[in-house]
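# Chain and residue survey
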Amino acid sequence: MQVMDKPTFYHSFKSLGLDLPQREEPIFRMNQVCKEPTILSMLGTAMSGFAKTWYSPLVLELFCADGYYACHAVKMGAAHVRGIDIDDEALATARAASAMLFPELKTLFIKSDVMDFACDPSDIVLCCGGLYHLSDPKKLLGKCKALSKKFLIVQSVVSLDNTDPYYFE
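First, a word on what this report is: a plain description of the structure on this page. (Residues numbered from 1 in each chain as written. Predicted model: local features only at pLDDT ≥ 70, side-chain atom pairs only at ≥ 80, totals over all residues. Heavy atoms only, no water.)

### A few points about the overall build of the chain
Scanning the chain for helices and strands turns up four helices and five strands. For the chain, the succession of helices and strands along the chain, N to C, is α-β-α-β-α-β-β-α-β. The C-alpha atoms of the chain give 15 Å as radius of gyration, which agrees with the globular expectation for 169 residues (15 Å, within 12%). Taking the principal axes of the C-alpha coordinates as reference, the chain spans close to 45 × 35 × 30 Å. When contacts within the chain are restricted to residue pairs at least 6 apart in sequence, long-range pairs at least 24 apart make up 70% of them. Approximately 9,400 Å² of the chain is accessible, and the part contributed by carbon and sulfur atoms is 55%. Placing the 17 positive and 20 negative side-chain charges of the chain at their respective mean positions leaves the two points 8 Å apart. (Helix = DSSP H or I, 4+ residues; strand = E, 2+ residues; numbered from the N terminus. Rg over C-alpha atoms; globule rule 2.2 N^0.38 Å. Contact = heavy atoms within 4.5 Å. Areas by Shrake-Rupley, 256 points an atom, 1.4 Å probe, with all protein chains shown as cover. Lys, Arg positive; Asp, Glu negative; His and termini not counted. Charge placed at Lys NZ, Arg CZ, Asp CG, Glu CD.)

Dropping the structure here:
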């Protein structure tokens, strides 16, 4: 794994209490501003489904990048999170952010192609921002459905044909 001199993060972690350097390209900030409220609302709704139980849900985040939504799941009460991504640098930032936020908790960020990994089903599956990278997104959606015991949260762009820099808005 390559050691990062000055890691930068896909997301701003300020809402989680960390002032980490977000990537400078405006697309990262705009992307987060546009999709974060909806994804966090859906994640909160899913997490509230476990609020009156003794059980803390297992959360799986596909295309986890810096683990931002996995970290929010922990903040909302998940005791067990896993993140899957194929990018070593992104996984290093996910591990770093998670360790800063939750040093007592073991989070698991795994390097794997989302189409190739195998794991037991999770209570909540997040599949945010990556379907457009795949040649067969329907196949992954089927896998997500099988992996999700109770809640499946999916977010993706519909088309890459739009080159407008404000596309996420």
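Once you've had a look at it, read on.
### Describing the side chain of Ser-112
Relative to the helices and strands, Ser-112 is located in the loop between β3 (108-111) and β4 (122-128). On the basis of relative accessible area, Ser-112 is assigned to the buried category, the value being 14%. For Ser-112, the side chain forms a polar contact with the main-chain nitrogen of Phe-117, separated by 3.5 Å. Not counting the four nearest positions on each side in its chain, Ser-112 is found in contact with Ile-84, Asp-85, Ile-86 and Phe-117. (Buried < 20%, exposed > 50% of the residue type's maximum accessible area, 1.4 Å probe, protein only. Polar contact = N/O pair within 3.5 Å; in protein donor to acceptor, adjacent residues only side chain to side chain.)

### Re the nonpolar core
If you look at the biggest cluster of nonpolar residues, it comprises 31 residues, and the most contacted ones within it are Phe-13, Leu-43, Val-59, Val-81, Leu-101, Ile-124 and Leu-126. Those elements giving two or more residues to this core turn out to be α1 (26-48), α2 (68-75), α3 (88-101) and β4. Residues Phe-63, Val-114, Phe-117 and Leu-140 belong to the second largest nonpolar core, which totals 13 residues. (Core = buried A, V, L, I, M, F, W, Y, C linked by side-chain atoms within 4.5 Å.)

### Focus on unusual backbone geometry
Backbone geometry places Phe-63, a non-glycine residue, at a positive phi of 55°. Mapped onto the elements of the fold, Phe-63 is located in the loop between β1 (58-62) and α2. Its identity is not glycine, yet Ala-65 carries a phi of approximately 50°, on the positive side.

### Let's talk about the sheet that holds β3
The parallel open sheet is built from five strands, whose spatial order is β3-β2-β1-β4-β5. Looking at strand neighbours, the two that pair on one side only are β3 and β5 (148-155), the edges of this open sheet. Direction aside, the axes of adjacent strands within the sheet are offset by 15° on average. Summarising the sheet, β4 and β5 pair through six bridges and their orientation is parallel. Among the inter-strand pairings, Ser-122 is bridged to a residue of β5, identified as Ser-148. Those strands touched by α3 are β2 (80-85) and β3, and its axis lies near 175° from that of β3. (Pairing = 2+ DSSP bridges. Axes fitted to C-alpha atoms, helices over the stretch in contact; angles between N-to-C directions.)

### Things to note about the state of the cysteines
A complete count under the given rule lists zero disulfides for this structure. Lacking any disulfide linkage, Cys-64 is separated from the closest cysteine sulfur, that of Cys-71, by 9.4 Å. Residue Cys-144 stays outside any disulfide, its sulfur separated by 4.2 Å from that of Cys-127, the closest cysteine. (Disulfide = S-S within 2.5 Å.)

### Focus: helix α4 (residues 137-147)
When we look at burial in α4, the residues that qualify are Leu-140, Cys-144 and Leu-147. All buried residues of α4 lie within an arc of 65° about the axis, which places them on one face of the element. Of the exposed residues in α4, the ones pointing more than 90 degrees away from its buried face are Lys-138, Lys-139, Lys-145 and Ala-146. For α4, the secondary structure elements touched by its buried residues are β1, β4 and β5. (Arc of directions from axis to C-beta.)

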